[in-house]
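# Architecture at a glance
One letter stands for each residue in the lines below.
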Amino acid sequence: MAEPLYTRDILKLATSIPFEERLEIADGRAEKRAPICGSQMACDVCLDDNQHITEIGLDISACALGQASAALMGQDIIGRSLPELKETLRQLKAYLAGEVENITSWPSLMALSAARPHKGRHGAICLPFETAIAAFEAAMVAKTEALPA
């Protein structure tokens, strides 16, 4: 018998998203939508001088898998750099596609293994990381533009 898509652990994660409030002041902001399922997310980030996340604010409207992914991201995103987020997204996509068996950069994401056969749900799972990366990149552009000429 196949593993159920919405496991007890996934449903528990979906109700425990940290940082589920937009930031009043942020270095970067982004909003994204997963086209296949319609999940939406907004993300605000603040960065330190070493280009690591110090604060994050999230607003997510997604299925339980997207919410669970946002919860797992939120549990461990403070202190992360843009290259770390990009590598995690790369590994997550490869994991969901069955190309690798581990996500070494963010092992807790393997809790979403039940979704691997459900390609239509992969966009919602990747959405939190895609949105955080976009917010991070917006912050870096804003900081670059603020530098004196």
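Bear in mind that the values here come from a model prediction, so they are computed numbers and not experimental data. (Residues numbered from 1 in each chain as written. Predicted model: local features only at pLDDT ≥ 70, side-chain atom pairs only at ≥ 80, totals over all residues. Heavy atoms only, no water.)

### Focus: the pairing of strand β3 (residues 53-61)
For the record, the criterion: Between any two strands, pairing holds if DSSP finds at least two bridges. Segments assigned H or I by DSSP are reported as helices when at least four residues long, segments assigned E as strands when at least two residues long, and all are numbered from the N terminus.
Of the pairings in the sheet, the one linking strand β2 (residues 40-47) to β3 comprises 8 bridges and is antiparallel in character. The residue of β3 that forms the bridge with Ala42 is Asp59. The antiparallel hairpin formed by β2 and β3 contains 5 residues in its connecting segment, where Gln51 sits at a positive phi of about 65 degrees.

### Here's the deal with the UniProt feature "domain: NIF system FeS cluster assembly NifU N-terminal" (unreviewed entry) in the chain
What counts here: UniProt positions are given in the numbering used here, feature names are shortened, and annotations may be inferred rather than shown by experiment.
Listed under "domain: NIF system FeS cluster assembly NifU N-terminal" (unreviewed entry) in the UniProt record, and renumbered for this structure, are residues 28-86. Helix makes up 31% of residues 28-86 and strand makes up 39%, while its end C-alpha atoms are separated by 16 Å.

### Focus: the pairing of β2
Note the cut-off: Burial classes: relative accessible area under 20% of the type maximum marks a residue as buried, over 50% as exposed, and values in between as partly exposed (1.4 Å probe, protein chains only).
Burial runs high along β2: 7 of the 8 residues are buried. In this structure, strand β1 (residues 28-33) lies alongside β2, joined through 6 bridges in antiparallel fashion. Within β2, the residue paired with Ala30 across the bridge is Cys43. Between β1 and the antiparallel strand that follows it, β2, lie 6 residues; Gly38 among them carries a positive phi value of about 85 degrees.

### Brief notes about the environment of Cys37
By the secondary structure assignment, Cys37 is in the loop between β1 and β2. It is 16 Å that separates the C-alpha atoms of Cys37 and Tyr6, two residues lying 31 residues apart in sequence.

### Regarding the environment of Ile56
Put simply, the test is: Contact criterion: two residues are considered in contact whenever any of their non-hydrogen atoms come within 4.5 Å of each other.
The topology assignment puts Ile56 in strand β3. Judged by its relative accessible area of 3%, Ile56 falls in the buried class. Once the C-alpha coordinates of Ile56 and Glu21 are considered, the two residues, 35 residues apart in sequence, prove to be 8.6 Å apart. When sequence neighbours within four positions are dropped, the list of residues in contact with Ile56 reads Phe19, Leu23, Cys43, Asp44, Val45, Met73, Ile77 and Ile78.

### Let's talk about the side chain of Ser39
The topology assignment puts Ser39 in the loop between β1 and β2. Exposure remark for Ser39: the relative accessible area of 4% places this residue in the buried category. In contact with Ser39, not counting residues within four places along its chain, are Lys32, Arg33, Ala34, Ser61, Ala62, Cys63, Ala124 and Leu127.

### Some details on the nonpolar core
We count it as follows: For the purposes of this section, nonpolar cores are sets of buried Ala, Val, Leu, Ile, Met, Phe, Trp, Tyr and Cys residues that join through side-chain atoms within 4.5 Å.
Met73 and Leu85 are the most contacted members of the largest nonpolar core, which totals 46 residues. Counting residues per element, the ones that place at least two in this core are α1 (8-14), β2, β3, α2 (64-76), α3 (82-96) and α4 (122-146). At 10 residues, α4 tops the list of elements feeding residues into this core. Ignoring sequence-local partners within four residues, the contact set of Leu85 consists of Ile53, Ile77, Arg80, Trp106, Phe129, Ala132, Ile133 and Phe136.

### Examining unusual backbone geometry
Unusually for a residue other than glycine, Phe19 sits at a positive phi of about 60 degrees. Take Phe19: it is sitting in the loop between α1 and β1. At Gln51, a position not held by glycine, the phi torsion is positive, near 65 degrees. In this fold, Gln51 is placed in the loop between β2 and β3. With relative accessibility at 27%, the residue Gln51 sits in the partly exposed group.

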